[in-house]
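# Chains, contacts and geometry: an overview
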Amino acid sequence: MDDSEQPDHHEPDASLDAQETADVKDRRAGSSKIVHEVVRLQGEEELGRRVPALCLSGLAAGLAVTLSLLCELFLRSHLPDTDWAPLVYFLGYPVGYLIAIMGRLQLFTESTVTAVLPVATDPTWNNFGRLSRLWLCVLLGNLVGVTLVSALMAGEVIITHEQRMVAIDVLGKLELQHWTRTLTLGIPAGFIMAAIAWVLPNARGSEFWVIFLLTYVIALGGFAHVVTGSSQVTFLWLNGNIGFHDAWVQFTLPALVGNIIGGTGLFAVLAHGQMRSDLAVDE
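Residues numbered from 1 in each chain as written. Predicted model: local features only at pLDDT ≥ 70, side-chain atom pairs only at ≥ 80, totals over all residues. Heavy atoms only, no water.

Looking at where S230 falls in the secondary structure, it is placed in helix α12 (residues 226–238). With residues near it in sequence (within four places) discarded, S230 still touches L143, V146, H225, F251 and T252. (Helix = DSSP H or I, 4+ residues; strand = E, 2+ residues; numbered from the N terminus. Contact = heavy atoms within 4.5 Å.)

Put into structure tokens, the structure is as follows:
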């Protein structure tokens, strides 16, 4: 049989009618090249936003993410001190992420990783500068947001005295890791958050469950996310349980580095490399 007569296995079967063929193509998940282009365009949009918009969106995301801590504490206050209790109160962990991500707020490691793809596609000094501006504005906004809510919690403005005692009891049992351990625990957290950004274009109505399940894994694994983790250590710092150095140097900085490695170094670069390989094969 001539090569031109060989069936194209990348296309639906020729026996299907036009409507069935359209249904197959509509239900088929997008290829890595399509997903890459969707994420890249999202990244270009993020890189083009103005500084005030980035800062305000980052601040809103920081405020929203602290709901993860609050929901965990509210659930924990109604549960006995048993081995299975974390499986239940960790269900509150994804709440802040759901609000931030589905609300298209600027959350470090989720929205910021999409901006890496335009830079990887066109690595110019101008794009590196735009990426640095985006990361700085979003990270500062996120940390200011979580610090503000942690201060309100420590001052018993938005929680009761009993709830603050529960928070101190629960968070006080968390052993601060050595900074190298925090860094390594930050790598899978950054990878998972980047995976959310990569999977969502193909989620098609299942965005809630994608975000919920993947962020629940972060809580179960005890991985270190720079924003949500900072809300915990900042609360302990403002209550006098730990020092400034422990909160910001031993946790926040290593978690930040780990998230960047996992989210950009391992995921965005590898995903971009996969797309480039696919294009080379097509050519």
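Okay, the environment of G155 next. Along the chain, G155 falls in the loop between α8 (125–154) and α9 (161–172). Sequence-wise, G155 and N239 are 84 residues apart; in three dimensions their C-alpha atoms are separated by 8.7 Å.

Quick look at the pattern of salt bridges now. On inspection of all chains with the given rule, the structure shows five salt bridges. The partner of D81 in a salt bridge is R76, and the shortest N-O contact between them spans 3.2 Å. Take D81: its relative accessible area is 62%, and that puts it in the exposed class. Given a relative accessible area of 12%, R76 falls into the buried group. Where salt bridges share partners, they join E46, R49 and R104 into one cluster. (Salt bridge = Lys/Arg side-chain N within 4 Å of Asp/Glu carboxyl O. Buried < 20%, exposed > 50% of the residue type's maximum accessible area, 1.4 Å probe, protein only.)

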